[in-house]
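Here are the chains, one letter per residue:
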Amino acid sequence: MPSSEQNKQKRGLWSSRFGFVMASAGSAVGLGNIWKFPYITGMHGGGAFVLFYICCILIVGIPIMLGEMVLGRHTRKNPVGAFKSLKGGPWTVVGWLGVITGFVILSYYCVVAGWAVDYLWLALRGTFTSQHAATVPELFTELLLSDLSQLFWQAVFMAAVIGIVLGGVSKGLERANKVMMPILFLILVFLAGYGVFSPGGPAALRFLFSPDWSKLDPLSMLEALGQALFSLSLGMGAMLTYGSYADEKTNLPTAAFTVSLMDSCVALLAGIAIFPIVFTYGMQPAGGPGLVFKTLPMVFSQMPAGSLFAALFFLLLVFAALTSGISLLEVVVSYYCDEQKWSRPKATLLIGLLIFLLGVPSALSNGLLKDISFIGNRNFLDSIDFLASNYLLPLGGLLIAVFTGWVLTTRVARSEIEKGAVRFHFYPVWHFLIKYIAPVLVAIVFLHLIGLF
Ligand code: PHE
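Residues numbered from 1 in each chain as written. Predicted model: local features only at pLDDT ≥ 70, side-chain atom pairs only at ≥ 80, totals over all residues. Heavy atoms only, no water.

K.L.:
Can you lay out the environment of Leu369 for me, pointing to particular residues and giving the numbers?
P.N.:
With respect to the helices, strands and loops of the structure, Leu369 is situated in the loop between α16 (344-363) and α17 (380-407). A C-alpha to C-alpha distance of 18 Å links Leu369 and Trp153, two positions 216 residues apart in sequence. Leu369 has contacts with Pro361 and Leu364, leaving out every residue within four places of it along the chain. (Helix = DSSP H or I, 4+ residues; strand = E, 2+ residues; numbered from the N terminus. Contact = heavy atoms within 4.5 Å.)

Rendered as structure tokens:
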């Protein structure tokens, strides 16, 4: 067997193209869709934000996702190895930025996912249905004030992520995604259907889909673009790493498009499930990060079979977070396995533990550390999330777009995409978008942020 063939087998491959798409969609669909998208949409005024967000997905998100998949499959390496082998020199830093961003995001991601696990536990115990709806939001405040509970659930979630990543590409990641993703989708469709027909349904649809452009300021645009990258798992090499496990016959443009479509549908469905409830109960759509943990449980407390629905919803939120969490850990683990030649168990356990420790200040940010504010009056968790989604991911996305558009030659890019008898008629469109449009848009938003534009 030639050595490149051996290397491929040792690193692992998806056992099917369906598995690859499910795993990539699993990475994309996460807390970003179900927890974050609805609340930032609420804070930025609804319709106009949603439309601008969809534009970001189309002209920046899909092109960069395809770019990452191409880089990954072409090199069959982790982000650092990929940039090193394609160009090296300063470009290796882009790979490093990705690995570091994975580290940072997973650290606080586990804390928020831990809240979801706690809520699953509460739902299973029937806590929501045993009390008056008006007192349900207080459960969230109690959780945020309890450092110990948050650390406990953060540890439980991290242990699950580590357990799956230990299983490797096809037996761990792929299997987990193939089970969890379809169930997630079904339940969300059901909950969205329930929302549309509830009394607040029409107001919610109006809020989500009829744009009021006066509400779209530059900061909202920055937030929409950052969210598009975050939600599609772009800008840090997660899709690059997953692409590196894809077989030669996989149609990458179709995969990138399908994954982006699924991701956007889940985000919109989450909005359609949540906002009707917000309006039915006369609550504020701009409720902030507590939206999913305060408003939804209120309706569960009054619905027939509410405990069951609550348990299903939070189980699925946990699934969504898990399938994303494993992709974040996989990026870092793949670096240590490929470049440092660590065994998968050693890399997974050690890195998992380190990331858990880095997440501790996030878990304590509403309790022990509540009086310390970091970026712009935000607590630690909100600051690190702001830093990752508004600086690290856009910067990573910008550099990946510039690399794919300007450094990677057309010959390499096109022949990688068109391997296995794939014909990509939109190649010129993609190339134009990734060479000019994506970098310029990301750069404008970025310069505005640092006050230069
Ligand atoms: N896309 C994930 C979500 O929406 C988060 C994520 C970001 C995962 C970057 C991997 C890489 O929750």
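After that view of the structure, there is still more to cover.
K.L.:
Explain helix α10 (residues 201-209) residue by residue, including any values.
P.N.:
Regarding α10, the residues found buried are Gly201, Ala204, Phe207 and Leu208. Each buried residue of α10 lies within a common arc of 125 degrees when the element is viewed along its axis, so the set occupies one face. Lining the buried residues of α10 we find α3 (31-43), α4 (47-75), α9 (169-196) and α13 (252-280). (Buried < 20%, exposed > 50% of the residue type's maximum accessible area, 1.4 Å probe, protein only. Arc of directions from axis to C-beta.)

K.L.:
How would you sum up the site of the ligand? Please name residues and give values.
P.N.:
If you check the shell around the ligand, you find 15 residues, and the closest are Ala28, Gly32, Tyr109, Phe230 and Ser233. The contact in question runs from a nitrogen atom of the ligand to an N or O atom on the backbone of Ser231, over 3.1 Å. Side-chain polar atom of Ser233 to a nitrogen atom of the ligand: 2.9 Å apart, as the coordinates give it. The fraction of the free accessible surface of the ligand (320 Å²) that becomes covered by protein chains is 100%. (Near = heavy atom within 4 Å. Polar contact = N/O pair within 3.5 Å; in protein donor to acceptor, adjacent residues only side chain to side chain. Areas by Shrake-Rupley, 256 points an atom, 1.4 Å probe, with all protein chains shown as cover.)

K.L.:
Tell me about the side chain of Asn33, and name the residues and values.
P.N.:
Mapping Asn33 onto the fold places it in helix α3. Taking relative accessible area as the criterion, Asn33 reaches 0% and is therefore assigned buried. A distance of 2.8 Å separates the side chain of Asn33 from the side chain of Asp263, its partner in a polar contact. Residue contacts for Asn33: discarding those within four places in its chain leaves Ala28, Pro38, Ser231, Asp263, Val266, Ala267 and Ala270.

K.L.:
How would you explain unusual backbone geometry if you had to name every residue and give the values?
P.N.:
Unlike most non-glycine residues, Arg76 shows phi in positive territory, near 55 degrees. Inspection of the secondary structure puts Arg76 in the loop between α4 and α5 (79-86). We note that Ala421 has phi near 60 degrees; this positive angle belongs to a residue other than glycine. Relative to the assigned elements, Ala421 resides in the loop between α18 (410-417) and α19 (427-449). On the basis of relative accessible area, Ala421 is assigned to the exposed category, the value being 75%.

K.L.:
Break down the packing of aromatic side chains for me, with residues and values.
P.N.:
Applying the stated criterion to the full structure yields 34 aromatic pairs. Here Trp115 and Phe293 contribute two aromatic rings whose centre-to-centre distance is 5.6 Å and whose plane-to-plane angle is 85 degrees, an arrangement assigned as edge-to-face. Of the two residues, Trp115 is situated in helix α6 (residues 92-124) and Phe293 in helix α14 (residues 291-300); the sequence distance between them amounts to 178 residues. By the burial criterion, Trp115 is buried, and Phe293 matches it. Relative to Phe314, the ring of Phe313 has its centre 5.1 Å away and its plane inclined at 85 degrees; by these criteria the two rings are edge-to-face. Comparing Phe313 with Phe314, the two get one shared label, buried. (Phe/Tyr/Trp six-rings, centres within 6.5 Å; stacked < 30°, edge-to-face > 60°.)

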